[in-house]
Amino acid sequence: TAASLSITRIGLVHSKDALGQAVLAGFNAAMARHGLQAVVVATTPNTTSMDVEPAAQSIAKAGPQLVIMGLAGTAPAFVLALRKAGSTSTVYGLSIGASPSNINQLGSLARGLGFAIVVPSPFASKYPVVRAYRKDMLASEHREYSLMGLEGWINARVMAEGLRRAGSSITRQSVLDALSSMDALDLGGLRINYNNGREGGSFVDLAVLDAAGQLLI
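Residues numbered from 1 in each chain as written. Predicted model: local features only at pLDDT ≥ 70, side-chain atom pairs only at ≥ 80, totals over all residues. Heavy atoms only, no water.

Thoughts on the sheet that holds strand S5 (residues 114-117)
Each strand in a sheet pairs with its neighbour through backbone hydrogen bonds, running either in the same direction (parallel) or in the opposite one (antiparallel). Spelled out, the test is: By the convention used here, strands pair only if DSSP detects at least 2 bridges between them. Helix and strand labels come from DSSP, where a helix needs a run of H or I of at least four residues and a strand needs a run of E of at least two; each type is numbered from the N terminus. Any two residues whose heavy atoms approach within 4.5 Å are treated as being in contact. Only C-alpha atoms enter the line fits that serve as axes; for helices the fit covers just the stretch in contact. Angles between N-to-C directions range over 0 to 180 degrees.
What the seven strands build is an open sheet, ordered S2-S1-S3-S4-S5-S9-S10; its pairing is mixed. Because the sheet does not close on itself, it has two edges, and the strands there are strand S2 (40-44) and strand S10 (215-216). Where strand S1 (residues 10-15) lies against strand S3 (residues 66-70), five bridges are found, and the strand directions are parallel. Across the sheet, Leu12 pairs through a bridge with Ile68, a residue of S3. Running at roughly 155 degrees to S3, helix H3 (residues 75-84) makes contact with S1, S3 and strand S4 (90-94) of the sheet.

What to know about helix H7 (residues 172-180)
Here is the rule: Burial classes: relative accessible area under 20% of the type maximum marks a residue as buried, over 50% as exposed, and values in between as partly exposed (1.4 Å probe, protein chains only). Note that the arc is defined by the directions from the helix axis to the C-beta atoms.
Taken together, the buried positions of H7 are occupied by Ser174, Val175, Ala178 and Leu179. Projection of H7 onto a plane perpendicular to its axis shows the buried side chains occupying an angular sector of 130 degrees, all on one side. Buried residues in H7 make contact with helix H6 (147-165).

Quick look at the pattern of salt bridges
For the record, the criterion: Should a side-chain nitrogen of Lys or Arg be within 4 Å of a carboxyl oxygen of Asp or Glu, the pair is scored as a salt bridge.
Applying the stated rule across the entire model yields three salt bridges. A salt bridge links Glu161 to Arg164; its shortest N-O distance comes to 2.6 Å. One end of the pair is Glu161 and the other is Arg164, both in helix H6 and three residues apart, which spans about a single turn. Among the residues examined, Arg164 registers a relative accessible area of 57% and is labelled exposed. For the salt bridge of Asp186 with Arg191, the shortest nitrogen-to-oxygen distance reads 3.7 Å. Residue classification places Asp186 among the partly exposed positions, given a relative accessible area of 42%. Residues joined in a network through salt bridges with shared partners are Glu161, Arg164 and Arg165.

Looking at the nonpolar core
Quick note on the threshold: The nonpolar core is taken to be a set of buried Ala, Val, Leu, Ile, Met, Phe, Trp, Tyr and Cys residues, with the residues joined through side-chain atoms within 4.5 Å.
Core analysis: the biggest nonpolar cluster contains 50 residues, and Met69, Phe78 and Ile154 have the highest contact counts within it. No other element matches the six residues that H3 contributes to this core. In this structure, Ile7, Ile10, Leu12 and Phe27 belong to the second largest nonpolar core, which totals nine residues.

Focus on the packing of helix H5 (residues 128-139) against H6
Quick note on the threshold: For classification, angles of less than 35 degrees are called roughly parallel, those exceeding 145 degrees roughly antiparallel, those between 65 and 115 degrees roughly perpendicular, and all remaining angles oblique. Think of it as three bins: nonpolar holds Ala, Val, Leu, Ile, Met, Phe, Trp, Tyr, Cys and Pro, charged holds Asp, Glu, Lys and Arg, and polar takes everything else, Gly as well.
Axis separation between H5 and H6 bottoms out at 10 Å; the angle between their running directions is 95 degrees. Here H5 lies roughly perpendicular to H6, going by the angle between them. Contact with H5, carried on its side by Val129, Val130, Ala132, Tyr133 and Asp136, involves Gly149, Leu150, Trp153 and Ile154 of H6 and no other residues of that element. Each residue belonging to the contact of H5 with H6 can be placed in one class, and the counts come to seven nonpolar, one polar and one charged.

Focus: H5
The following threshold applies: By this rule the span expected of a helix is its residue count minus one, scaled by 1.5 Å.
Spanning twelve residues, H5 covers 16 Å between terminal C-alpha atoms, matching the ideal 16 Å at 1.5 Å per step. Within the sequence span of H5, burial applies to Val129, Val130, Tyr133 and Met137. Considered in projection along H5, the buried side chains sweep an arc of 100 degrees and stay on one side of the axis. Exposed residues lying more than 90 degrees from the buried face of H5 are Lys135 and Ala139. Buried residues along H5 sit in contact with H6. Positive phi shows up at Glu141, right after H5, with a value of about 65 degrees.

Written as structure tokens, this is what we have:
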């Protein structure tokens, strides 16, 4: 997306742990594919550390057009620190950073933040899988839709299908075999396929938060 918009000055913030290293590896690979180099890479101590100000100041000083935010629960603190440091950079985060709690903490700062998502937005009713999720939520008297809620609902659907395919004499191995042989399970606009590996889904999109905190595609 950044390449298609001619954005070349890109920075990254990630945590100094296993999650952060995975984010860094993916970031470096993507940058290499497009012949780009990061203008700044900043780190936070770990996934849960709120010591984000040094990273925010480092990125604000470098002034990238776009910041890739490889953070989870500390994302709101980082965005607040980044804006406080005077940065107006566009920020794209991971789906794990788009939890309801994070969005609520961000308040008005949430508007315009982008997130890479691996399932449709829970507000994108054009997808049958989203309509089915929302129908089940309403049936259970829950009206707060979220990306993580939809991911959990999809996980439950996949596991239920795996158990069904495992047969009447269920064992750990029979469930693994059933899941591993799952080929193009259609949940309604979202296909799950473990037949060629363990990635499952291939859905990837970029969603942006609006003023109401809803993810728009």
